[in-house]
Amino acid sequence: MKTKTIILLNLLLGLFTLKANSQTPTTFTFPALPYSYDALEQFIDKTTMEFHYDKHFRTYYNNFIKAADANNLNGKSMEEIFTNVSKYPIQVRNFGGGYFNHAMFWEVMSPNGGGMPEGKLLQAIIESFSSYENFVKEFEKAATTLFGSGWAWLAVDDSGKLFIAQLPNQDNPLMDIAPKHGVPILALDVWEHAYYLRYQNKRADYVTNFWKVINWVKVAENYKKTLK
Ligand code: MN3
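All of these numbers come straight from a predicted model, not from anything done at the bench.

Section: the pattern of salt bridges
Line of reasoning, step 1. This model, assessed by the stated rule, comprises seven salt bridges.
Line of reasoning, step 2. The salt bridge involving Glu107 is made with Lys218; its shortest N-O contact spans 3.5 Å. With Glu107 in helix α4 (residues 90-107) and Lys218 in helix α9 (residues 216-226), this pair connects stretches of sequence that are 111 residues apart.
Line of reasoning, step 3. Taking the relative accessible area as the measure of exposure, Lys218 reaches 14% and is therefore buried.

Regarding the nonpolar core
Line of reasoning, step 1. By size, the foremost hydrophobic cluster in this structure holds 71 residues, and its most contacted members are Phe135 and Leu188.
Line of reasoning, step 2. Ranked by residue count, the leading element in this core is helix α2 (residues 46-70), at eight residues.
Line of reasoning, step 3. Leaving out residues up to four positions away in the same chain, Leu188 has contacts with Phe43, Phe105, Phe139, Ala143, Gly150, Trp151, Ala152, Tyr206, Val207 and Phe210.

Here's the deal with the pairing of strand β2 (residues 162-168)
Line of reasoning, step 1. Direction of pairing for strand β1 (residues 150-156) relative to β2: antiparallel, over a ladder of seven bridges. In the strand pairing of β2, Val156 is matched with Leu162.
Line of reasoning, step 2. In sequence, β1 turns back onto β2 through a hairpin of five residues, with Gly160 there showing a positive phi of about 95°.

Focus: the coordination of the manganese ion
Line of reasoning, step 1. Around the manganese ion, the protein supplies His52 (NE2), His102 (NE2), Asp189 (OD) and His193 (NE2) as donor atoms, at distances of 2.0 to 2.1 Å.
Line of reasoning, step 2. Read in sequence order, the donor residues coordinating the manganese ion give the pattern H-x49-H-x86-D-x3-H. Highlighted residues: His52 in helix α2 and His193 in the loop between β3 (183-189) and α7 (196-199), separated in sequence by 141 residues.
Line of reasoning, step 3. By relative accessible area, His52 is classed as buried at 1%.

As for the packing of aromatic side chains
Line of reasoning, step 1. One pass over the full model with this rule turns up 31 aromatic pairs.
Line of reasoning, step 2. Here Phe139 and Phe210 contribute two aromatic rings whose centre-to-centre distance is 6.3 Å and whose plane-to-plane angle is 20°, an arrangement assigned as stacked. A residue pair is termed long-range when its members are at least 10 positions apart, and Phe139 in helix α6 (residues 132-145) and Phe210 in helix α8 (residues 203-210) qualify at 71 residues. An identical accessibility class is assigned to Phe139 and Phe210; each is buried.

What about the pairing of β1?
Line of reasoning, step 1. Most of β1 is tucked away: seven of the seven residues are buried.
Line of reasoning, step 2. Both faces of β1 are covered, namely the face carrying Gly150, Ala152, Leu154 and Val156 and the face carrying Trp151, Trp153 and Ala155.
Line of reasoning, step 3. Judged from the six bridges that link them, β1 and β3 form a sheet pairing that is antiparallel. Along β3, the bridge assignment pairs Trp151 with Asp189.

A look at the sheet that holds β1
Line of reasoning, step 1. With antiparallel pairing, the three strands of this open sheet are ordered in space as β2-β1-β3. The two strands at the open ends of the sheet, each matched to only one other strand, are β2 and β3. Adjacent strand axes in the sheet meet at a mean angle of 25° when their direction is disregarded.
Line of reasoning, step 2. Where α6 meets the sheet, it contacts β1, β2 and β3, and its direction lies at approximately 10° from that of β2.

Rules used throughout
Residues numbered from 1 in each chain as written. Predicted model: local features only at pLDDT ≥ 70, side-chain atom pairs only at ≥ 80, totals over all residues. Heavy atoms only, no water. Salt bridge = Lys/Arg side-chain N within 4 Å of Asp/Glu carboxyl O. Helix = DSSP H or I, 4+ residues; strand = E, 2+ residues; numbered from the N terminus. Buried < 20%, exposed > 50% of the residue type's maximum accessible area, 1.4 Å probe, protein only. Core = buried A, V, L, I, M, F, W, Y, C linked by side-chain atoms within 4.5 Å. Contact = heavy atoms within 4.5 Å. Pairing = 2+ DSSP bridges. Donors = N, O, S within 2.8 Å, 3.2 Å for Na, K, Ca; no water. Phe/Tyr/Trp six-rings, centres within 6.5 Å; stacked < 30°, edge-to-face > 60°. Axes fitted to C-alpha atoms, helices over the stretch in contact; angles between N-to-C directions.

Right, dumping it as structure tokens:
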């Protein structure tokens with residue numbers, strides 16, 4: 001009797017697994033926020049963080065999953081998708097960007113962040129922008145002068161050099177529609193939804209406070225991955 005029950009349970013489990021596996025495996029997971037909603041108070045207030053992560057980000061993700069299903073993107077990497085983004089319906093560009101960009105944004109910040117980049121990354125920053133101070137100035141300029149909604153980026157170009165980009169909406173440097181192609185290693189969201197509750201119209205103050213929370217260890221990791 002006991003054996004029969006176990007066999008039956010195994011059979012049911014087997015059927016359940018079979019059913020789960022028969023669905024297209026999705027590679028697009030919704031990442032957990034790597035800290036609490038109030039962890040980055042120096043930069044972002046708790047309410048903004050809650051709305052930004054749990055509403056905006058989740059909506060981008062959900063809509064991207066729908067677009068991914070509709071366009072047979074499951075199993076493809078985001079890099080692959082973005083390289084051909086102009087060939088897909090606009091939803092892939094907007095929601096795929098919204099998904100990828102925010103996932104990177106959460107990761108390049110930390111309650112233990114701030115300070116300065118070190119080692120090879122700092123060296124590369126100095127090589128590309130002549131000094132760390134100049135890099136900060138250029139990045140802030142990109143973030144504050146971007147008209148409307150979009151993102152400021154630090155990315156690595158095809159020759160391995162760092163560059164700063166300001167891109168509208170949810171575009172990013174991996175996309176084939178970007179004026180200059182590169183692999184992003186640092187991202188700053190300058191949509192009003194990212195800062196309006198605390199900063200209102202003062203985007204520049206929001207941008208200045210970003211430096212207090214940048215997770216340079218993570219940015220260095222992103223940079224290292226681009227080195228061949
Ligand atoms: Mn956002």
